[in-house]
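Survey of secondary and tertiary structure
Chain by chain, the residues run as shown.
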Amino acid sequence: MIEVDILELLKSNARISSKEISDSLDIEESLVKKTISKLQKNGTIVRYTTITNDEKLGKAKVRALIELTVRPEKKSGFDRIAKKISEYPFVIDHYLISGRYDFVLIVEGDTLHDIANIVTELASIAHITKTATHFMLKKYKEMGAVIGDLEKESRLIVSP
Amino acid sequence: MKALYSTLVDQIPPSGIRAFFDLVIDAKDIISLGVGEPDFKTPNVIIKQAIKTLEKGKNSYTSNYGLFSLRQEISEYQQNRFKCFYDPHNEILITAGASEGIDLSLRSILNPGDEVILPEPNYVCYAPLISLCGAKVVTLDTSKTNFVPDLHLLAEKITSKTKAIILCSPNNPTGVVIPKKQLQAILKMAISHDFWVISDEIYAEITFDQDYISFSSLPKAKPKTILLNGFSKSFAMTGWRLGYICAPKPLIDRAVKILQYAQLCAPTLSQYSAITALKKALPDVDFMRKSYKSRRNLCLKRFLEMGLDIVKPDGAMYCFPSIRSTNLNSLEFALKLLEEEKVAVVPGTAFGESGEGFIRCCYATDRVLLSEALKRMSRFIKRYRNA
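The following refers to the structure shown. In this text the structure is predicted, and so the values were computed from the model without any measurement.

This part is about the pattern of salt bridges. Residue and element names in this part refer to chain B. One pass over the structure, following the stated rule, counts 32 salt bridges over all chains. Where Glu 205 meets Arg 81, a salt bridge forms, and the shortest distance between an N and an O atom there is 2.8 Å. With a gap of 124 residues between them, Glu 205 in the loop between strand S6 (196–200) and strand S7 (225–230) and Arg 81 in helix H4 (residues 68–82) connect regions that are remote in the sequence. Take Glu 205: its relative accessible area is 2%, and that puts it in the buried class. Owing to a relative accessible area of 32%, Arg 81 belongs among the partly exposed residues under this scheme. Note that Asp 194 is salt-bridged to Lys 224, the shortest N-O span being 2.5 Å. Of this pair, Asp 194 sits in the loop between helix H8 (180–192) and S6 while Lys 224 sits in the loop between S6 and S7, and the two are 30 residues apart along the sequence. Residue Asp 194 is classed as exposed on the basis of its relative accessible area, which comes to 54%.

This is the structure we're talking about:
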């Protein structure tokens, strides 16, 4: 399916041009543009982003994974509370999960102190009954991309 | 005066591909279509099992023939996949890559003065290994017959000294599959003139447009066939160095005699890993085949758009277009393309004189890079055609 093929190329490189996509999938560039625009409009493509290794910058942000236990509401269950939590700009990822906790969040701040404030803020929300905060010490992989020094192509340039 | 080095070795010309490699080794930031191997990593299921094998310490010598359990797997695989039966007890020999299989097969059958018919262009190792046995290479030019051996020409090359013909289908460097009719005709000649057919089937799993016909699956072919296969291409295991010979017992008896003194046994870790490959990684092979096919289609289409003559490759991972319309010879083309457009291809002459006027392009590379390389080639060709 063209949509899947285009998304696959975009997921591995969001900056790929529609010309490059058209060349490598051997389809018309106009079709590539039309498909991407459709996928953007219907929300399949949510956002183009960049995976970074902030350690290289020398000023990596502080991230934590926070688990939350939530008392669901009668009518809306978890959704209304989820919406409220997702609105915080410091929440990077947010999932409803199975198991001992209900939500898991990844939050980001500049310092440990920022994270402490975030936890306090979250804990003060009614319905949230318990939190567990895990600071992230090192990033190995994000969205399928292994973080670290680039691996060199190991094949010879020419071989029989 | 006595010669310090082997005269037979000194008579072998250096590998054309090696010479080209030395020229390009320092090139930076190039897109290479010059490789002869998959761009996939070895399937994860094989790697994981290999680590376990190492941890268990299963790393001692095996039987000279190779692990019996691997030979059993291969026997079943050849039967199920390619409809030819070989007895795991004495008709299968595990080798360090199909390359060793070719060497052992030739050394097992050739005497000085024997002749081996070699359709050309072909993979780089056959001719030198024949010469090392003191036998004579009789080339059969296929470049004018769509890279399929012409039967009349073949009939003319057969003499009382003809000991074997080497077929490689799908072919490296052309990607061409020899049709069943030609295979049957070649078998008929092999039977009536009593010579071996060495069938290099290393790319058997990588065919796109039709079911693969293993030479030894033809009726009455088995006694005349030395079948070579391996794990390098189909399972993306080039560095593991694992292949095998399937042949009648008397041939295997001789090949194992050489192997036991020269090699002892194929690498043990690779042997265990090959069992995993056959048991668990066939779905990976299907996946890779599909990927190669779509890239083959892309290349073929682009080369036709560039106006190059090309025989449709039905398998392997190569396109072998003619570049005569540029008025450059193969080596000039490859060198200038590298210099001006930073794309590496292999000059056809690396695969024999009849490869002159062609280049080998391996499409086992990242799709986006591949299409960029093709774009650059198109630009390059336009420039030289109009020059």
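Once that is clear, we can look at the interface of chain A and chain B. Across the boundary between the two partners, chain A contributes 14 residues, which contact 30 residues of chain B. Across the interface of chain A and chain B, roughly 1800 Å² is buried in total on both sides, 55% from carbon and sulfur atoms. Counting the surface chain A buries against chain B, the share from its top three residues, Arg155(A), Ile157(A) and Pro160(A), is 42%. Residue Lys301(B) pairs with Asp26(A) through a salt bridge whose shortest N-O separation is 2.9 Å. Summed over the shared surface of chain A and chain B, the result is 13 residue pairs in polar contact (both at pLDDT 80 or more). With five residues, the top contributor of residues to the side of chain A that touches chain B is helix H2 (residues 18–25) of chain A. Its residues assigned to classes, the side of chain A that touches chain B shows seven nonpolar, three polar and four charged.

Right, let's talk about the pairing of strand S12 (residues 359–362) of chain B for a bit. All names here are of chain B. Neither face of S12 is open: one carries Ile 359 and Cys 361, the other Arg 360 and Cys 362, and all of them are buried. Relative to S12, strand S9 (residues 318–319) runs antiparallel, the two being bridged by two bridges. Among the inter-strand pairings, Cys 319 is bridged to a residue of S12, identified as Cys 361. The pairing of strand S11 (residues 346–347) with S12 spans two bridges and is antiparallel. Considered in S12, the bridge of Pro 347 is made with Ile 359.

In this section: the packing of aromatic side chains. Residue and element names in this part refer to chain B. Evaluated as defined, the whole model comprises 16 aromatic pairs over all chains. Here Phe 147 and Phe 320 contribute two aromatic rings whose centre-to-centre distance is 5.5 Å and whose plane-to-plane angle is 75°, an arrangement assigned as edge-to-face. Taken together, the residues span a long stretch of sequence, with Phe 147 in the loop between strand S4 (136–141) and helix H7 (151–157) and Phe 320 in the loop between S9 and helix H12 (330–341) at a distance of 173 residues. An identical accessibility class is assigned to Phe 147 and Phe 320; each is buried. Ring geometry for Phe 231 against Phe 235: centres 5.5 Å apart, planes inclined by 35°, an arrangement best described as tilted. When sorted by exposure, Phe 231 lands in the same class as Phe 235, which is buried. The rings of Phe 147, Phe 320, Phe 351 and Phe 358 are connected pair by pair, giving a single aromatic cluster.

So, about the pairing of strand S1 (residues 62–70) of chain A. All names here are of chain A. Most of S1 is tucked away, with seven of its nine residues classed as buried. Pairing of S1 with strand S3 (residues 103–109) involves seven bridges; the strand directions are antiparallel. Directly across from Glu 67, in S3, lies its bridge partner Val 104.

Criteria and cut-off values
- Residues numbered from 1 in each chain as written.
- Chains lettered and ligands numbered in written order.
- Predicted model: local features only at pLDDT ≥ 70, side-chain atom pairs only at ≥ 80, totals over all residues.
- Heavy atoms only, no water.
- Salt bridge = Lys/Arg side-chain N within 4 Å of Asp/Glu carboxyl O.
- Helix = DSSP H or I, 4+ residues; strand = E, 2+ residues; numbered from the N terminus.
- Buried < 20%, exposed > 50% of the residue type's maximum accessible area, 1.4 Å probe, protein only.
- Contact = heavy atoms within 4.5 Å.
- Buried area = accessible area lost by both parts, 1.4 Å probe.
- Polar contact = N/O pair within 3.5 Å; in protein donor to acceptor, adjacent residues only side chain to side chain.
- Nonpolar A, V, L, I, M, F, W, Y, C, P; charged D, E, K, R; others polar.
- Pairing = 2+ DSSP bridges.
- Phe/Tyr/Trp six-rings, centres within 6.5 Å; stacked < 30°, edge-to-face > 60°.

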